[in-house]
Amino acid sequence: MSNPASGRSRLHDTLQPGTALLAAAILLPAVLFALASWQSYADALHDAEVRVERTVGILHEHAVKVFETNRLVIDQVGERLRVMDWAREEDRAALHQLQLRLQDQLDQVATITIVDAQGRMRASGRTYPADPNVSFAKRDWFQALKEANLPLPYISRAHTGPQSGKQVFNVAGGIRDRQGAFQGVTAVSVDRSYFEDFYRSVDPEFDHNVILVREDGQILAREPSTSVAALTMSGAMMQRIRSSPSGSFRLLSQIDGVERIFSYRKVGGYPVFVGFGISVPSALAPWRRNLLDFGIVAILASLALLAVSNLAIRQTRREQLARKQWQNTADALQEEARERERIGEQLRQAQKMESVGRLTGGIAHDFNNLLSIVVGNLDLLRQRMADGDERHVRLVSNAIDGARRASALTHRLLAFSRQQPLDPAPVDANKLMSDMCDLVRRTLSENIAVETVLADGLWPIFADANQLESIILNLAVNARDAMPDGGRITMETANAHLEEAYAALHPDVGAGEYVLIAVSDTGTGMTPDIKEKVFEPFFTTKPVGKGTGLGLSQVHGFVKQSGGHVSIRSEVGQGTTIAMYLPRLDTSRDAAQACAHPMAQEQN
């Protein structure tokens, strides 16, 4: 006869582990889902903060260039006024033509106006002759410049221009004689839509906000546009501006009530700040998309565990087998999730570099066009001052040198954005490296040894030899800077075949035959977080004034424009290797490109 108590005991022993597994089937996926969601949430906010900081840097550079261009316009008009005879019709007409030409050449300029010491309009880029009955005596910019000889142009509040009819703000400079007496004002009316159109094109992927504001809260330009004229000084942004020239924080906009991740910077020495923000809901959009993936994984894992727990209640042996099977399934799902995240990160990085490249290229083109105007006018001015004061000639020459260095900087920006003109031709990389060896040794310190490792039977490549030489020299100089106490630089070549598996892990390169050109050093190396950013423009670990942050971004742009791939290997204390993979010369394809190349350059 069976014992009922013994049966109940066996039932209890069977149900207890089954109940525990059933609870684990619900709780464990929920905990994993919560942890993964929290990590994804933090990553999304961090990515948005990095994106905001990078973008506000670009906006700051753009604003500095525009304000400096307006300053040069004021100076150029001022030079003309020094030799101006207002009684001569020819001089008045020539001044008006100069105003018209500058207005046509510079998209941001709506009107250039010259006002006399009483505030009456004396010359206008809109009408000829100017109407002396039009008075600007009560305008803030006129009053400020009349009272003080300011070192920088005065930035007025935004208003509707009486001549252009557009929403503008004035960048105005005082006119003073040799004794310092106030003679009037040159006012450049800047079209707000120029800034707002540019801001509209910045980072269209996210719901963003860009603002250009004076230090007293007066809004000069904003995208999205607003009818609000000024920020309150008690608001979060203005409080931050009063305490620091730059910063990053989260704020609730006093204009539209949207919470944003926000960053701002002061525009050079001007009392103006540019700010950029991404709305928190927009920044968290990737996190919301990830929640669906995490939820599916959690539900699948939970269903699998429930099935296993049901079998475990019936049979301990099957429970152990099912638990092991579940563990394998969970490991595979986690590995798949990690692989998807890694590939997605690479794709986001490639898209980020492409987006920054397009934005950087557009700014470089516009800035290069402005520099052409500046250099041309400065050259003409230097020619006309050939017999003038030597100090003035030297100042103009220094300005020309600075403008040309800025032009060289724009070419490096174009290299990063893959918009520089190239002159590709078949190249023997071994010969190029051998020819450069002496140049590299002369460039480096005596305590740095240079070695070359050149592969036999190296395939030819199709590239711009001059640009490639510049890239290799740039890498050698970077390697030198990483070895302040001396060391060894190795320049090597090799034939390389990139497999499909490698291409699958790197979405920006296809499988095939390449020529490897690598520059290695035994220097300080890089941490992983620095290594991830080295190809981004304006990122540098060198002290201020020692580097532009465009060296490795120029390498990246050149290699990608040449159809290749660049990678970096670096460990702290172990040195760094920059490896460039350039496609092997395809005789039929590259010959056709070479024939079409001169025409393509001519069209460009």
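Residues numbered from 1 in each chain as written. Predicted model: local features only at pLDDT ≥ 70, side-chain atom pairs only at ≥ 80, totals over all residues. Heavy atoms only, no water.

**Q** Could you clarify how one ought to interpret the overall build of the chain in this entry?
**A** Scanning the chain from terminus to terminus reveals 15 helices and 18 strands. A burial count over the chain gives 44% of its 604 residues as buried. Counting only contacts in the chain whose residues sit at least 6 apart along the sequence, the fraction spanning at least 24 positions is 63%. Counting every atom, the chain has about 31,500 Å² of accessible surface; 53% of that belongs to carbon and sulfur. (Helix = DSSP H or I, 4+ residues; strand = E, 2+ residues; numbered from the N terminus. Buried < 20%, exposed > 50% of the residue type's maximum accessible area, 1.4 Å probe, protein only. Contact = heavy atoms within 4.5 Å. Areas by Shrake-Rupley, 256 points an atom, 1.4 Å probe, with all protein chains shown as cover.)

**Q** Is there a simple way to explain empty space enclosed by the protein in this structure?
**A** To find leftover empty space, one rolls a probe the size of a water molecule over the atoms. Enumeration according to the criterion identifies two cavities of 30 Å³ or more in this entry. When its volume is computed, the largest cavity comes out at roughly 100 Å³. Among the elements of the structure, β1 (109–116), β5 (167–176) and β6 (182–191) are those that each provide at least two residues to the lining of the largest cavity. Considered class by class, the residues forming the lining of the largest cavity number five nonpolar, eight polar and one charged. (1 Å grid on protein atoms, 1.4 Å probe; cavity = no way out; pocket = protein on both sides within 12 Å on 5 of 7 lines; lining within 4 Å. Points joined across faces, edges and corners; volume = space filled by probe spheres on them. Nonpolar A, V, L, I, M, F, W, Y, C, P; charged D, E, K, R; others polar.)

**Q** Honestly, the sheet that holds strand β18 (residues 575–583) in this entry has me stumped. Any pointers?
**A** The strands making up a sheet associate through hydrogen bonds between their backbones, and the pairing can be parallel or antiparallel. Taken in spatial order, the five strands make up an open sheet running β13-β15-β16-β18-β17, and their pairing is mixed. Sheet topology places β13 (448–453) and β17 (565–571) at the edges, where each strand pairs with a single neighbour. The mean inter-strand angle of the sheet, taken between neighbouring strand axes irrespective of direction, is 15°. Direction of pairing for strand β15 (residues 487–498) relative to strand β16 (residues 512–521): antiparallel, over a ladder of 10 bridges. The residue bridging Ile-489 from the neighbouring strand is Asp-521, located in β16. Across the face of the sheet, helix α10 (residues 429–443) comes into contact with β13, β15 and β16 while running at roughly 170° to β15. Helix-sheet contacts for helix α11 (residues 465–481) involve β13, β15, β16 and β18, and the interaxial angle to β18 is about 170°. (Pairing = 2+ DSSP bridges. Axes fitted to C-alpha atoms, helices over the stretch in contact; angles between N-to-C directions.)

**Q** Which parts of the structure should I look at to understand the packing of aromatic side chains?
**A** How two aromatic rings sit relative to each other is set out by the distance from centre to centre and by the angle between their planes. Within this structure, the stated rule accounts for 12 aromatic pairs. Both rings, one in Phe-67 and one in Phe-195, keep their centres 6.3 Å apart while their planes meet at 35°; by these two values the pair is tilted. Of the two residues, Phe-67 is situated in helix α1 (residues 4–82) and Phe-195 in helix α4 (residues 192–200); the sequence distance between them amounts to 128 residues. Chaining the aromatic ring pairs together yields one cluster made of Phe-67, Phe-169, Tyr-194, Phe-195, Phe-198, Tyr-199 and Tyr-270. (Phe/Tyr/Trp six-rings, centres within 6.5 Å; stacked < 30°, edge-to-face > 60°.)

**Q** In this structure, what is going on with the environment of Tyr-264? I would like to understand it.
**A** Position of Tyr-264 among the secondary structure elements: in strand β10 (residues 259–266). Between the C-alpha atoms of Tyr-264 and Val-52, which are 212 residues apart in sequence, the distance is 9.3 Å. Every residue in contact with Tyr-264, bar those within four places of it in the chain, is listed here: Val-56, Met-237, Arg-240, Ile-241, Ser-244, Pro-245, Ser-246, Gly-247, Phe-249, Phe-273, Val-274 and Gly-275. A polar atom in the side chain of Tyr-264 sits 2.9 Å from the backbone oxygen of Ser-244. (Polar contact = N/O pair within 3.5 Å; in protein donor to acceptor, adjacent residues only side chain to side chain.)

**Q** Teacher, can you tell me more about the sheet that holds strand β8 (residues 219–223) here?
**A** Read across the sheet, five strands follow the order β8-β7-β11-β10-β9 without closing on themselves; strand pairing throughout is antiparallel. Looking along the sheet, the strands with just one partner apiece sit at the ends: β8 and β9 (246–252). On average, adjacent strands in this sheet sit at an angle of 20° to one another, irrespective of strand direction. In this sheet, β10 lies alongside β9 in antiparallel orientation, the contact comprising seven bridges. Bridge pairing in β10 places Arg-250 opposite Ile-261. Its contacts with the sheet put α4 on β7 (208–214), β8 and β11 (272–279), and the angle it makes with β8 is roughly 30°.

**Q** How should I be thinking about the side chain of Thr-111 in this particular structure?
**A** Considering the arrangement of structural elements, one finds Thr-111 in strand β1. Other than its neighbours up to four places away in sequence, Thr-111 contacts Gln-103, Ser-124, Gly-125, Arg-126, Gln-163, Ser-164, Ala-187, Val-188 and Ser-189.

**Q** What is the right way to read the pattern of salt bridges from this model?
**A** Side-chain pairs of opposite charge can arise whenever the charged atoms involved come near each other. Going through the model one piece at a time under the given rule, you end up with 22 salt bridges. Arg-265 serves as the salt-bridge partner of Glu-53, at 3.3 Å between the closest nitrogen and oxygen. Linking Glu-53 in helix α1 with Arg-265 in strand β10, this pair joins segments that are 212 residues apart in sequence. Under the relative-accessibility criterion, Glu-53 is labelled partly exposed at 32%. (Salt bridge = Lys/Arg side-chain N within 4 Å of Asp/Glu carboxyl O.)

**Q** Help me understand unusual backbone geometry in this model?
**A** A negative phi angle characterises most non-glycine residues, just as the trans form characterises most peptide bonds. Cis peptide bonds are those with omega within 30 degrees of zero, and the linkage from Tyr-128 to Pro-129 qualifies with -5°. Relative to the elements of secondary structure, Pro-129 occurs in the loop between β2 (121–124) and α3 (140–147). The step from Glu-223 to Pro-224 runs through a cis peptide bond, and the omega angle for that step is 0°. Among the structural elements, Pro-224 can be located in the loop between β8 and α5 (236–243).

**Q** Explanation requested: the packing of α10 against α11 in the structure shown.
**A** When two helices pack together, you describe them by how their axes are tilted relative to each other and by the distance separating the axes. Across the interface, α10 lies against α11 with an axial gap of 11 Å and an inter-helix angle of 40°. If you check the angle between α10 and α11, you find them oblique. Our pair here, α10 against α11, has a crossing hand that is right-handed. Contact residues: α10 offers Leu-432, Met-433, Met-436, Leu-439, Val-440 and Thr-443, while α11 offers Ala-465, Leu-468, Glu-469, Ile-472, Leu-473, Ala-476, Val-477 and Arg-480. (Parallel < 35°, antiparallel > 145°, perpendicular 65-115°, else oblique. Left-handed = near helix turned anticlockwise from the far one by under 90°.)

**Q** I keep staring at helix α2 (residues 89–105) and nothing clicks. Help me out?
**A** Helical geometry note: an α-helix holds 3.6 residues per turn, so side chains three or four residues apart project in the same direction. Taking 1.5 Å per residue, 17 residues should reach 24 Å; α2 reaches 24 Å between its end C-alpha atoms and fits that length. Among the residues of α2, those classed as buried are Asp-91, Leu-95, His-96, Leu-98, Gln-99, Leu-102 and Gln-103. Each buried residue of α2 lies within a common arc of 155° when the element is viewed along its axis, so the set occupies one face. For α2, exposure combined with an orientation more than 90 degrees from the buried face picks out Glu-90 and Asp-104. (Expected span 1.5 Å × (residues − 1). Arc of directions from axis to C-beta.)

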